[in-house]
Structure formats: structure tokens, C-alpha cells
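Structural characterization, general
Single-letter residue listing:
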Amino acid sequence: MRSLLQIAKKELKQNIRDIKITIIMTLIPIAVILIMGVALSSLFSGEQSAISHAQIDYFILGDGELSRAFETFADTVSMENIHFSQTNHKEPSIQQVKNNKNYYLVEIDEHQRVLKLYKNNRQGASASIIEGVMNTFITHSNMLQEVNRIDPLHGGIDFERGMNYTTLKSVEKANTPSAMDYYGVVMCTLFVLYNISIPLTRMINEKKNKTLARMLVSPINKKYLLFGKLVGGVGVTSVHIGIVLITTLLIFNVNWGSNPLYAFLLIFTQIVLAICIGVCLGFIFDSEGKAIALINVFIVIAAFFGGSYMPLEGMGVLEQIGRWFSPLWWTNRGLLSMIYTGQMTFYYEAIAINLGIAAVFIMIAAWRTTRKEELLNG
Amino acid sequence: MSIVKVKQLVKKIGDTTAVDHVDLDIQAGEIYGLLGPNGAGKTTVINILCDMVKKDSGELWIFDKKIEKWKESIKKAVGVVPQHIAIYNDLSAIENIMFFASLYGLKGEQLKESSLETLRFVGLYDQQKAYPKTFSGGMKRRLNIACAIAHHPQLIIMDEPTVGIDPQSRSHILKSVKKLNDMGSTIIYTTHYMEEAEHICSRIGIIDHGKIIAEGTSQDLQSIVTDRKSILIQTEIGKEISLEGIKNIKGVLSVTFNDNRYAIECLKESQCFSDILTYFTQKNMIIKDIKMQTVSLESAFLSLTGRRLRD
């Protein structure tokens, strides 16, 4: 057991002293998260109003309570992305709606005491939301109009007070990640996977430099050699990724859920997986170049199908390919579903898959430690 | 007490028999030299002795205990100096020694004290905090040795520990090996340098094609060669004659010239002695001294294996 700690301590020392690796595994992910989070913010709906820029013209014919009520309504629902403008020319405004330039034209006829809505059916979801609000107002006002007509004695119904329309301050979509939130999560998991290369390179160098052979002739239990390497690798990667996580949490305000420790625990299991893969491949491969090339190809494919470069939602078949081989796919799914929907099923599933696969790689590596002659000639 | 005993050891690597029915018996306090050209099988023997390679057949005893399965207590008493410089460049000298010594069970103050003592022993005490990447080849070799001896092993196996270093470092290492032996360690030493074996080894085994073909002290091995004799002729300073001319004399096998001395080896049965003297006289050389010698270990090796040690 003491030798396990000695080996872990040595691994930690060596990795922490490697400034190049520390920079690559801390500053680069932080920079990438910042760049992706800022550069791609406009592509993420979570940062936009559900209503994109909407121009609504209104045309008032005559003067009366109805038009005053509409103006009050317009003031109330008007917000950054919805603009109401009064027009004195009905026909050009109708043309604008036809040409899809404006969303709507509202005609307020005080003489006939009716409201008419001109719309373009080519408008999308944003228009439907506005239409719903507008229809509420129109139905409500027409109804009050009818009441006044039937019972003029009680025409004292105040349009403005009687209109109980919704105050529309901001219409947001459901809880979805911003670009910074999204890339904060997926880049962390991606860079965890890049950590496979560290124990892998170290193992191959130990074989080449014959320090592994030197350890193998010593009286230590070979299990301790393997687990010492794992503990050291997991320790140093946890430090690297911990720096990234804390930066994203405190400086970039990335959403890691109501309790970030849950997210960090899942990422920790991914670190264990990455280090087990790295150590195992290090025991198997003799050529660093070949091993790193293989890992890089794997990571690029796993990242693409794991949603590291872009969200895969709505991409049909592509969305599901990663589930069969990409640790990023299931880890990202577990994290994002836990953070944004509070659903823990995928979260626990990801922990189980990460640790399960890690165990398989440990067993392969343990078997390799018994093949001393092959390691000697590596 | 027998420290290492091997009976009929066999190891095949592919179609080649790397170790072919080798018998060894190394006694406590010996420096046993294993000599052989590249590919002779000496490193394979050493790898079997330190549990890096499994034998195909044969029996092995270490410290008089038969090895069926290696025990921790036996491994703790063995130190292995590999041929490669197997140290970490990103750990300081003392950290390297402390790490490897800790694998042999040393801990706490004992670990630190023993590591410092070892650094002093190999002459690297002042560089204890320096990183090996700043070391010369000789210093790295000394650190390589230090990592194997800090736990004070009873048996030290050294696989060509002086390859590729300067004469000063070699001399330091050879003195250290002698000192370790004086301090009670038994040493198995392989080398390419015949003079090293001749200088430090109490017994030498010559291995070729996986077989031990001769064994004994340096003198024993030299006396095995009975078909040749060696003549040493010292001449006057500043005058030389062609070595080719001497080589052309009937019966002469080889000739070297160093420091006004001609070392000539010739077949014992030949009548070359008078021919050589005549040749020197004809060339007006003044002979200051003549000695008849036994053949060198190098010649003995050549005679036994048919090839030079560095072939």
C-alpha cells in the first residue's frame, strides 16, 4: 500500500512539474470555452427572446376609447423586440405585411368600433405568440364593445381598466443553456477526454526509458504499480479540470445546476475513465506516435458525435450515433439533462457507464502487468 | 554460502536458444564477471536472475533458497543496475534515489539518510537537488547505480554499468563496485570491457551462444590458452618499425605497439622468437627489454569464442 502512494506521489510530482501539460490542460480549455461561449452566443436560443424582432403597425380611423385602449396596450406589451408604430397610410402598411417586412397591421376603426388584424401566414413561431396576445386584446375589446352597445347605461366600463390583458415583459423559451453554459460543460468533458494522452505518454516513456522495468524488478505488488499510476493520474487531472470548472463557475457563470457538486462528480467519473484508458493503452502500445494518433482520431469523432462542437438536437440519425461509443455523448447528456431538466436518470446512467468501462480497461491493464517480458521489450 | 546457483538453465526466444543449459554458482563476497559478445545471452541470464524473464527450464537458487515463486523478501535483498540509464529526468537526484529505494521498503528517516549516504557514495552529494537532464553521461550512470544500491542489497546485478562514459567516471564506478564488494555485497557484473573484468572480477564466466564456455579467475582463463605465447619487447624512445613487417614473420598472430613496447602474440610451437629478434636487429632497433608473458584475457576470449568481445 505504501508503494502505491509512493508511485501516486511520483506521478503527481512529475505531472505538476510539467508546465506545458498544465497550461494545455487548464488555460486552453478556459480560452476555448470563452471563445466558443462568446462567438457562438447568437446561435443559442437560450439567450434570445422567443420573439425575434417584430414590427407592428397600427392605423387609427377616428378617435375614441378603443384607440386609446390599444395605445395603452401597445405601451404595455412593447418591449425590446416588439415595436408598435402608428401609421397614417393603411395601404403601404398592408403591403409591408404582405412583403413580410412587418408582422401585423392593426386597424382600429372608431366609427364602426371594431379592430381588424392583418397578418402574413409565412411568419413563424414568434408571430404566433404575438398573434395570440393580439387576439386576446381584440377579442376582449370587441366583447366590451358589444357590452357597451347592448347596455349603454353601463357604458361606464373603462376600456383601459377593463382590459385585463397580460403584461408581456419578456417572452423566454423554456430553460435552455446559453452558449457559455453549453460550451462550459461540453468543453470541460472534451478536455477530460484529452487527458487520456497524459498517462498513455508517460507509460510508453516509462517503457522506453526502462524505468518501468526497474519498477517491475522491485518487490512491489504489480497491482500497486497499476493503481499508483491511476491514483496519480486521476489526482493531477482532477487538479487541472478542477481549475477549469472553478473558472467556468465563478468567472464565466456557467450553469452547473443547482448543486454543481453533482456535475463535478459525474466529471470525476469521466476523469477516472480517461485515466484508465490512458494507462491501459500505455501498457499495450509501444509507439507513442501511433497511440496518440489513434487517440486523437477517436477523440475528434467522439467529440463530433458527443455534441462537443455543436448541439446535436434535431440532427436526426447523427444525434444518436455517439451513444454507442462516445463517452462525451453520455456524459454530456447526463450533465445537461441534470442541469436543465433536473432529470437524474441519464446522470446516473453516465456514471455507471463511465465506471463500468473504466473497470474493463483496468482489468486489461492488470493483465498486461503480468506480461513482464513483453513490457521489458517495449 | 552460495548467493546465486543456477542449474541447467534454458531459455528460448523464438527459434533461438538464448540460454543453453547454463550452470552458475556464485559465492558470497564474489565479484562475478559475465563476459560475452553481443547476443551471447548474458542479459537474458541476468533478466532471469532478477525475475524479468521466465526460464523455460532449469533450477535457480538465490541466497540458498530455491526459487519457485519470487518472494518479496528475496527481491528486497537484490539490487539491479540496468544497462539503460533508467532514471527520471523530471525528478531530482535525491528524489530518484528515494523513489526507487522506497519501493524496496525503506521509509521515513532511514530512507532519507540512506539516500543521502548513497549520493555521497557515488559522488553526487552536491548535486542532490539537481535534475539528471543537467548531468553528464558519467553522472547519470552513477545515479543509475545509486538507485539500485540505496537499500543496501546483498546481491547487486550490474548489466554493463560503464557503457559510454568518460574514463574518470569509469574509474569512479569501478572503485565504487570494489567498495560495495568490500562492504559485503556480492556482485554480478557484465561488461564489454575486458580490462574491467580483469581488474575487478574475482571470477569470470565466458558466455557465447547461450553457453558458459569457460569459467575461472583471469589467470585461469589465460592459462586455458596453451597454443600461443606472448612476447613484450621494449625499444628505444623515438624509433618505430612497421607493424606490418612484424606481422609478416611466420607464426606471428598479432602485434600492438604502445609506449615503446611491442606486444607480439605468436603460435607456441613456431620458431618465431629468433626471427623477431633478427627483424628488429635488421631494422637497427635497440632492444632495451624482452619479456615472455602469458596471453591476455582478450586473447583468451578470442581463442575460446573465435570472435572479439566487441563483435
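The preceding data block contains the structure.
Residues numbered from 1 in each chain as written. Chains lettered and ligands numbered in written order. Predicted model: local features only at pLDDT ≥ 70, side-chain atom pairs only at ≥ 80, totals over all residues. Heavy atoms only, no water.

1. Points about the overall build of chain B
The helix and strand inventory of chain B stands at 11 helices and 14 strands. Buried residues in chain B amount to 53% of all 311 residues. For chain B, the accessible area works out to roughly 14300 Å², and carbon and sulfur atoms hold 48% of it. (Helix = DSSP H or I, 4+ residues; strand = E, 2+ residues; numbered from the N terminus. Buried < 20%, exposed > 50% of the residue type's maximum accessible area, 1.4 Å probe, protein only. Areas by Shrake-Rupley, 256 points an atom, 1.4 Å probe, with all protein chains shown as cover.)

2. As for the interface of chain B and chain A
The partner chain A presents 25 residues to the 33 residues of chain B that form the contact. Of the roughly 2500 Å² buried between chain B and chain A on both sides combined, carbon and sulfur atoms contribute 60%. The largest contributions to the chain B side of the interface with chain A come from B:Met52, B:Tyr88 and B:Leu103, which together make up 28% of the buried area. Linking chain B to chain A there are three salt bridges. The closest approach of N and O atoms between B:Glu95 and A:Arg17, which form a salt bridge, is 2.7 Å. If you look at where chain B meets chain A, you find nine residue pairs in polar contact (both at pLDDT 80 or more). Of all the secondary structure elements, the ones that give two or more residues to the side of chain B that touches chain A are α2 (72-76), α3 (93-103) and α5 (137-149) of chain B. When its residues are assigned to classes, the side of chain B that touches chain A shows 18 nonpolar, six polar and nine charged. (Contact = heavy atoms within 4.5 Å. Buried area = accessible area lost by both parts, 1.4 Å probe. Salt bridge = Lys/Arg side-chain N within 4 Å of Asp/Glu carboxyl O. Polar contact = N/O pair within 3.5 Å; in protein donor to acceptor, adjacent residues only side chain to side chain. Nonpolar A, V, L, I, M, F, W, Y, C, P; charged D, E, K, R; others polar.)

3. Notes on the sheet that holds strand β3 (residues 104-109) of chain A
All names here are of chain A. The strand order across the open sheet formed by four strands is β2-β1-β3-β4, and the pairing between neighbours is mixed. The open sheet is flanked by β2 (82-86) and β4 (114-119), the only strands paired with a single partner. Strand-to-strand twist of the sheet, defined as the mean angle between neighbouring strand axes without regard to direction, takes the value 20 degrees. Direction of pairing for β3 relative to β4: antiparallel, over a ladder of six bridges. Among the inter-strand pairings, Asp109 is bridged to a residue of β4, identified as Val114. Sheet contacts for helix α4 (residues 90-98): β1 (54-61), β3 and β4; angle to β3, the most-contacted strand, approximately 150 degrees. (Pairing = 2+ DSSP bridges. Axes fitted to C-alpha atoms, helices over the stretch in contact; angles between N-to-C directions.)

4. Thoughts on helix α2 (residues 19-39) of chain A
All names here are of chain A. Spanning 21 residues, α2 covers 29 Å between terminal C-alpha atoms, matching the ideal 30 Å at 1.5 Å per step. If you look at α2, its biggest bend is around 25 degrees, right at Leu27, and the proline Pro29 turns up within four residues after that. Listed in full, the buried residues belonging to α2 are Ile21, Met25, Thr26, Pro29, Ile30, Ile33 and Gly37. Among the structural elements, α7 (179-194), α8 (197-208) and α10 (222-250) are those in contact with the buried residues of α2. (Expected span 1.5 Å × (residues − 1). Bend = angle between axes of the 7 residues up to and from the residue.)

5. Topic: the sheet that holds strand β10 (residues 211-216) of chain B
Residues and elements named next belong to chain B. The six strands lie next to each other as β6-β7-β8-β3-β9-β10, forming an open sheet whose pairing is mixed. The sheet is open, and its two borders are formed by β6 (78-81) and β10, each paired with just one other strand. Taking the axes of each pair of neighbouring strands and ignoring which way they run, one obtains an average angle of 15 degrees across the sheet. The pairing of β6 with strand β7 (residues 155-159) spans four bridges and is classified as parallel. Residue Gly79 lies in a different strand from β7, and its bridge partner there is Ile156. Contacts from helix α11 (residues 297-305) reach β3 (31-35), β9 (203-208) and β10, with the element oriented near 35 degrees to β9.

6. Some thoughts on the nonpolar core
Grouped together as the largest cluster of nonpolar side chains are 150 residues, with contacts concentrated most on A:Trp256, A:Ile267, B:Val4, B:Leu143, B:Leu155 and B:Met158. With sequence-adjacent residues up to four places away left out, A:Ile267 is seen in contact with A:Cys188, A:Thr189, A:Val192, A:Ile241, A:Leu245, A:Trp256 and A:Leu335. Grouped together as the second largest cluster of nonpolar side chains are 18 residues, A:Ile60, A:Phe70, A:Phe73 and A:Ile138 included. (Core = buried A, V, L, I, M, F, W, Y, C linked by side-chain atoms within 4.5 Å.)

7. Section: α4(A)
Residues and elements named next belong to chain A. Those residues of α4 lying buried are Ser93, Ile94 and Val97. Buried residues of α4, seen end-on, are gathered within an arc of 105 degrees and therefore sit on one face of the element. For α4, the exposed residues lying more than 90 degrees away from the buried face are Glu91 and Lys98. Contacts from the buried residues of α4 go to β1, β3 and β4. Phi for Asn100, located one or two positions after α4, is positive at around 70 degrees. (Arc of directions from axis to C-beta.)

8. Examining the packing of helix α1 (residues 2-17) of chain A against α8(A)
Relative orientation and spacing of two packed helices are given, respectively, by the angle between their axes and the distance between those axes. Residue and element names in this part refer to chain A. Packing of α1 against α8 brings their axes to within 12 Å, and their N-to-C directions diverge by 110 degrees. By the angle class used here, α1 and α8 are roughly perpendicular. Where α1 approaches α8, its residues Lys10, Glu11, Gln14 and Asn15 are matched on the opposing element by Ile198, Arg202 and Glu206. Here the residues of the contact of α1 with α8 sort into one nonpolar, two polar and four charged. (Parallel < 35°, antiparallel > 145°, perpendicular 65-115°, else oblique.)

9. Looking at unusual backbone geometry
All names here are of chain B. Despite not being glycine, Asp51 has its phi angle at roughly 65 degrees, a positive value. Within the secondary structure, Asp51 is located in the loop between α1 (42-49) and β4 (57-62). Looking at Asp51, the relative accessible area reads 13%, which means it is buried. Although it is not a glycine, Asp64 sits at a positive phi angle of roughly 65 degrees. Mapped onto the secondary structure, Asp64 falls in the loop between β4 and β5 (65-66).

Bear in mind that shape data such as this cannot, by itself, settle questions of function.
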